[in-house]
Amino acid sequence: MINIGLFGSWWGRVRMGMSVLMAALLFGACETEIDVDLPDYGSKLVIEGTIENGQPAIVTLTNSIPYFQELNMEYIQNNLLVQDAEVIVTSSDGERDSLILQFCPDAPLFLAYVSPNLRGRENTTYTLTVRSKGKEYHATTTIPHTFDIDSAWFSHLSDILNKDTMRTVRIQLTDDPAESSYYSFAVKVACPKFTDRLWVSPVPVAFDDKTFSGITFNFELERYGITMLHTLGMSEAQSEAAKRLTFRPGDTVYVKCSLMDYNSYRFMITGGTEAIMGTNPFLNPAPVVSNIEGENVLGAWCGFASTFKRIFWEDTVGYYGR
Amino acid sequence: MGKRHSIILLIMYCLLPFMQVQGQRVTLSGTVRDATNGESLMGAYVILTDTARPQDKQGCVTNQAGFYSVSVPRGTYKMTINYLSFKTIEEFIALEKSVKRDFELESDIIAGDEVIIQGERADHNIASADVGRMEMKIEAIKAMPALMGEADVIKSIQMLPGVMSGGEGNSGYYVRGGGTDQNLVLLDEATVYNTSHLFGFFSIFNADAVKNVDLVKSGMPAYYGGRAASILNVYQKEGNLKKYEVDGGIGLIFSHLTVQGPFKKNKASFLISGRRTYADLLIQPFLKPQSPLKGMKFYFYDLNAKFNIIINDKHRLYFGAYYGTDTYGFKSSSGMTKAQFMWSNATASARWNYIISPKLFLNTSTTFSYYDFSTEMGMDVFKFKLGSGIRDYALKSELTWMPTPKHNIRFGVHNVFHQCLPGQIAAQAGIDNDFPFPTQKPYFANELSIYAHDEFDISRRWKLNMGLRYTNFMHLGAFTRYVLDDFGTISDSIFYRPGEIVSQYNRVEPRLSVRFLIDSMTSLKASATLNHQFMHQISMATISLPTDVWMPSTDLMKPQMVMQFSLGVFRNFYHNMFETYVDLYYKKMYNLAEYRDGLDFSVLMINPDQLYTFGQGWSAGAEFFVKKARGRFTGFIGYTLGFTRRQFDELNNGNPFWAKYDRRHDVSISLTYDILPHKLSVSAIWVYQTGNTMTIPIGYYFYMGSYITEFSERNEYRMPPYHRLDIAVNWTIKKTSKFETGLNFSIYNVYNRKNPFFIYLETNTNIDANSLNFAIENKAFQMSLFPIIPSVTWNFKF
């Protein structure tokens, strides 16, 4: 068995370490805010579409935002959400459903196109069609088969920090050597101070099995990927509590373990890498690889085959179902 | 071209001068040295003027060993030996038979009143057929203002037209649009793979140990190879053959000391020189306990050594070595995060010079180059080590043959065995769990070159430098090539046994440059060259860092190929007091390599060359240069207008983009005024460069609650320009034949320009939890490195 922890971000840590070191070296270094004259920017349609085994298709349509445009509630209401699109999902089984714009607690902005009838099934391919402002966009994704992890437990974050009050979650699984697998994991916390509405995807948000094909490995999960949209609607105290990286006594942690297809993985890994290191001034930013066909479009249409676990503070493992 | 044809061509080429050998000729040959310390003088002119026909002049330039050879018809000649900053020797000599004479030139420093910018004959720039070659004397480099008062070879050559700096904090330099890896840096003929100390703030070359610096940026002679853009040839001093000498300097963060002298007077000498920074020691008492630098190593040092043995009139041996190390570390106040970075450079060379005959000179050398980088990082339970490096073992033998005064022919063989260590990685992510990262095995390669080069004086007006270089490059086992499927998953592997040829390339590189003398003050020069480069350094970062690894050409990574054309007009004025030139260039580059976009972490399992994508580049520009070479007021102004683009099918949607260091305008002004000749001088430099290009965020969006940035086309945005004024005062307090002391006062960045080192972007989020109001706002910040920095250095010599 091997233990990989947050190995995925090693290179970023080296680079960032060197950046920090260089900054420390620069006795006289100074920073000044500057105005940047950007090229003209036209907003693009952003398609955030997911379909999961046993769940409806959920598609959020938004517009991308000019970089120096301030984003606030007024801008969201007037410019961000696209509410007049036609969204259709068809399956490789011939099933077809028109999605309806509705309140959706699982969507970051609470409003999304949701399939009223169609539910995701394993080993099935789904095609998304979006028509908006006279343009049409297409994408295809496949929900692979589900898998089961071996176990999940709370792990000590450090020998140095207080091991009684700060822990991470480790999960252990055995990779299938017969196929290429693309994994992602996410956590939700329920505790006295707050309950997560959205899944938090730790870093890296996705990875493949090239490094550990066919072997048993374990993986550390922190609450590293939490953003403002996760805490929207929380009180200040709840928001502060939710931003912590580690888990505390009394936490119930839900773990979602997913497999996806290669194109979904490509989007998740490039998007995740960009989200972490995109504006590192020492790295050339890499484009996020979308699986959507069409002009001036961003985002992806991703299928997930997911299973769930629920763990309590003291190494109690149980399954969590919806 | 087939191998057989290439060999035949080379043999024919070598035999060509025989056809022009005339009878009844005698040869004057020997060496030219500095009378004060016995150092060989490279680049001195030896000219014979026929007393019967004064218009008939024959001459040559001394090579790196100070050797010269001039063949002329029997007769009486006026011999002139000329080297700037030295007294000219003039004497009449009757040549009835071949004669060997060694000369020692007296320094002209005391008698003269000039400050020398470059160690060349006054009209060298007009007479030579070298189009893009510039030599800088170390005295000129030392006279320039410098950061912290430390004279810097690399910073000085960045002042020359066509040579772009990467900016502060960047160890690389860029020649006519080429990459940093396209510059071959030689220290006593050994390749130097990393020229930087302190992340590029200083170079590894200790000015006290350097004798002279030679830069070739176009019209590259055939005896140089292996790089596509430029050659920077640095020679260490040989050591004083006459007397013991100690030079030193004490500065604010540096001190340096050089000791040299004879083992046996006029027969054998040594030189040992060293530098060390001590900022880490000086600042410790002032650091708070929680400072990231408290108790951490934070320094660099280097050592140079040279030994020189004159066995007899015909044989001479040189041994040179360099070793330098940088060590930097920090830790967080909690002690959870620690990091240490180390890199070391070493070179060693042994050279044997043999004057076989008055017309034949043999230079044989063996060199060793070493570069190692390692980093250790600890972040809580996560520990990570990364190491990389390269070793070169080289043997070179070159014959210089001067059959007639019209020909100076060099031909030789050069073999380099490369051992690249692209990535040694280890990680620990738990208390008792090591993750066995796949360690990359060393890459082995052999680069064998043969070449011939002739400097041919066709007539008084026409001169031709022509050459041919042939290289056989082999990537050798042991090696495992992984075969990937369409999804990048390893589907198979091929194992090559140790010594087995994995891939090989045979390349021929023709080099040609020609000079047409319009009149004694004006010449036209043109060159056309083809260069191949078999070693590659691909940087993942936007700046050149010590982490960048070297890789040999493989079956996937073809050798880089660069064609360059250059055309220049050179004109001197007022008896060579002012030198000017305009030089136009165009380059086409093939098989350039960059990292693929969107690498994921599993790539550690595959071969590193599978991470790269390949493309092409273009570069064009015009260089303008004016220099005042003599008088109390000296200096130069250089301006380059340049364009550099790249095109990769897999980057930027296949669209061409500006290179990172595409600089539209580059201006360098260096001026020196001798207030009191050789006692007090003031100098100033001003540089201006168009800002670097960068890829900048233009928009953003959300996916699954995460904020994702959308970027511009690659390198579409241009940072603000870089400019800076430095001044220095050099004051020689006392100078006698036995003791010399002086002070150097420097002010770096006089008008405190906040030059961009990098631009970074920050997202501010404000949330009002009660009202659900929030705001996300992005801002851009510019990080600047050096403000105005005054410094003082005390120098001494006895």
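How each quantity is defined
- Each chain carries its own residue numbering, running from 1 in the written order of its sequence.
- Both sets of labels track the order of writing: A upward for chains, 1 upward for ligands.
- Note on the predicted model: pLDDT of at least 70 is required for a residue's local features to be given, and 80 or more for side-chain atom pairs to be given and counted; whole-chain, interface and lining totals, by contrast, use all residues.
- Secondary structure follows DSSP: runs of H or I at least 4 residues long count as helices, runs of E at least 2 residues long count as strands, and numbering of each begins at the N terminus.
- Two residues qualify as being in contact provided that their C-beta atoms, derived from the backbone, are within 7 Å of each other.
- Being paired, for any two strands, means DSSP has found at least two bridges between them.
- In this description, a nonpolar core means buried residues of the types Ala, Val, Leu, Ile, Met, Phe, Trp, Tyr and Cys, linked to one another by C-beta atoms lying within 7 Å.
- Each residue is classed by its C-beta neighbour count within 10 Å, where at least 20 other C-beta atoms makes it buried, 12 or fewer makes it exposed, and intermediate counts make it partly exposed; the C-beta atoms are placed from backbone geometry.
- An automatic or database domain assignment provides the domain bounds reported here.
- Any residue that is not Ala, Val, Leu, Ile, Met, Phe, Trp, Tyr, Cys, Pro, Asp, Glu, Lys or Arg is counted as polar, Gly included; the first ten are nonpolar and the last four charged.

**Overview of the overall build of chain B**
Within chain B, the regular secondary structure consists of five helices and 51 strands. Partitioning the intrachain contacts of chain B with sequence separation of at least 6 by distance along the chain shows that 65% fall at a separation of at least 24.

**Brief notes about the sheet that holds strand S17 (residues 230-236) of chain B**
In any sheet, the strands associate via hydrogen bonds between backbone groups, in a parallel or an antiparallel arrangement. Pairing is mixed in the open sheet, where five strands are placed in the order S9-S16-S17-S12-S13 (chain B). Every interior strand has two partners, whereas the edge strands, strand S9 (133-137) and strand S13 (190-191) of chain B, have only one.

**Quick word on the nonpolar core**
Ranked by internal contacts, the top residues of the largest apolar core, which has 108 residues, are Val-153, Ile-157, Leu-186, Val-213 and Val-234 of chain B. Setting aside residues no more than four positions away along its own chain, Leu-186 of chain B makes contact with Thr-191, Val-192, Ile-231, Leu-232, Asn-233 and Val-234 of chain B.

**A closer look at the pairing of strand S28 (residues 443-457) of chain B**
All names here are of chain B. Counting buried positions along S28 gives 11 out of 15 residues, so the element sits mostly inside the fold. The pairing of S28 with strand S29 (residues 462-476) spans 14 bridges and is classified as antiparallel. Bridging across to S29, Tyr-451 finds its partner in Arg-469. Two successive antiparallel strands, S28 and S29, enclose a turn made up of four residues.

**Quick word on the sheet that holds strand S45 (residues 706-711) of chain B**
The three strands are arranged S5(A)-S44(B)-S45(B) in an open sheet whose pairing can be described as antiparallel. Two strands in the sheet have a free side with no partner beyond their single neighbour: strand S5 (65-66) of chain A together with S45 of chain B. Sheet analysis places S5 of chain A next to strand S44 (residues 697-703) of chain B, joined by two bridges and oriented antiparallel. Each bridged residue has a counterpart across the sheet, and for Ile-65 of chain A the counterpart in S44 of chain B is Tyr-700 of chain B.

**Points about the environment of Val-200 of chain A**
Looking at where Val-200 of chain A falls in the secondary structure, it is placed in the loop between strand S15 (182-190) and strand S16 (207-208). Sequence separation of Val-200 of chain A and Arg-223 of chain A is 23 residues, and the distance between their C-alpha atoms is 6.4 Å.

**Some words on the domain arrangement of chain B**
Residue and element names in this part refer to chain B. Structurally, chain B comprises domain 1 (3-105), domain 2 (124-233) and domain 3 (234-797). With 68 residues of domain 2 at the interface, the matching set in domain 3 holds 124 residues. For the side of domain 2 that touches domain 3, the elements supplying multiple residues, two or more each, are helix H2 (124-127), strand S12 (183-187), S13, strand S14 (196-197), strand S16 (210-216) and S17. With four residues, the single largest contributor to the side of domain 2 that touches domain 3 is S16. Taken together, the residues that form the side of domain 2 that touches domain 3 break down as 33 nonpolar, 25 polar and 10 charged.

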